[in-house]
Amino acid sequence: MKTIKIAVSALLIASLASCKTDKNKEAQVEENQEVQAVDSTAPEKARYADAVVTPKKPTMPENYEIDWEGVEADADKKLDFDGWLEYQTFSGSLGKLELKEVPEEEITDYITQLENETTALESTIPASLLTEEVQEDIKDIREEVADLRRVVEQPGVETSKIDNQVEELVEAYQDLNEELKETMTKKAS
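The structure contained in this document is the topic of the report that follows. (Residues numbered from 1 in each chain as written. Predicted model: local features only at pLDDT ≥ 70, side-chain atom pairs only at ≥ 80, totals over all residues. Heavy atoms only, no water.)

## Regarding the packing of helix H4 (residues 75–82) against helix H8 (residues 159–185)
The packing of two helices is summarised by the inter-axis angle and the distance between the axes. At their nearest, the axes of H4 and H8 sit 8 Å apart, and the two run at 145 degrees to each other. Together, Lys77, Lys78 and Phe81 of H4 and Leu180, Thr183 and Met184 of H8 make up the contact between the two elements. For the contact of H4 with H8, the class distribution of residues is 3 nonpolar, 1 polar and 2 charged. (Axes fitted to C-alpha atoms, helices over the stretch in contact; angles between N-to-C directions. Helix = DSSP H or I, 4+ residues; strand = E, 2+ residues; numbered from the N terminus. Contact = heavy atoms within 4.5 Å. Nonpolar A, V, L, I, M, F, W, Y, C, P; charged D, E, K, R; others polar.)

In structure tokens:
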């Protein structure tokens, strides 16, 4: 039965293909769309079910922080940075959020945690890394966390809006990383 449908459809398509007018070409396109809508049988679906590729969860590098390759950081500043536990805590929390490891029902509490971590981040900047630019980048992170809270608290918010705001937060974090890297490569005066 299916073979007959396909054969008839192929003949129809072939006859319509030889038509030259725009009207006939539109009919051909509509016929092609109808042919594509034919449902395959269950055995065929089962045969192709194994071929379905599921997207992999994004993976982050093991060290979610600054890429130090090719960077000659001031040893004292690097030591201060390595001891900045609040930065490491925030980095880990942001990584979990970006990788969608935070259950949806816990997102509001998680945002509260991020707010507390950004406050700690701001108040514990090592003196050797304390520059106006670093402070400004941390302020931007706080604003992005606040924006994330506003988005999440909207009734019926779409997941894509939350994802976009998380992306904005990650971009602010990356700006901070770049500024920290720059600050640590400057020689102490």
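## Overview of the packing of aromatic side chains
Counted under the stated rule, the structure contains 5 aromatic pairs. Where Phe81 meets Trp84, the ring centres are 6.5 Å apart and the plane angle is 75 degrees; that geometry is what we call edge-to-face. Comparing Phe81 with Trp84, the two get one shared label, buried. Joined through ring pairs, the aromatic side chains of Phe81, Trp84, Tyr87, Phe90 and Tyr173 make up one cluster. (Phe/Tyr/Trp six-rings, centres within 6.5 Å; stacked < 30°, edge-to-face > 60°. Buried < 20%, exposed > 50% of the residue type's maximum accessible area, 1.4 Å probe, protein only.)

## Here's the deal with the environment of Asp163
Tracing the backbone through its elements, the reader meets Asp163 in helix H8. Between the C-alpha atom of Asp163 and that of Leu97, which follows or precedes it by 66 residues, the distance is 9.7 Å.

## What about the packing of helix H6 (residues 107–123) against helix H7 (residues 132–153)?
Look at H6 against H7: their axes get within 10 Å of each other, and the N-to-C directions meet at 165 degrees. One finds that H6 runs roughly antiparallel with respect to H7. The two elements H6 and H7 cross, and the hand of that crossing is left-handed. Of H7, the residues touching H6 (which contributes Ile107, Thr108, Ile111, Thr112, Leu114, Glu115, Thr118, Thr119, Leu121 and Glu122) are Ile138, Ile141, Arg142, Val145, Leu148, Arg149 and Val152. Partitioning the contact of H6 with H7 into residue classes produces 9 nonpolar, 4 polar and 4 charged. (Parallel < 35°, antiparallel > 145°, perpendicular 65-115°, else oblique. Left-handed = near helix turned anticlockwise from the far one by under 90°.)

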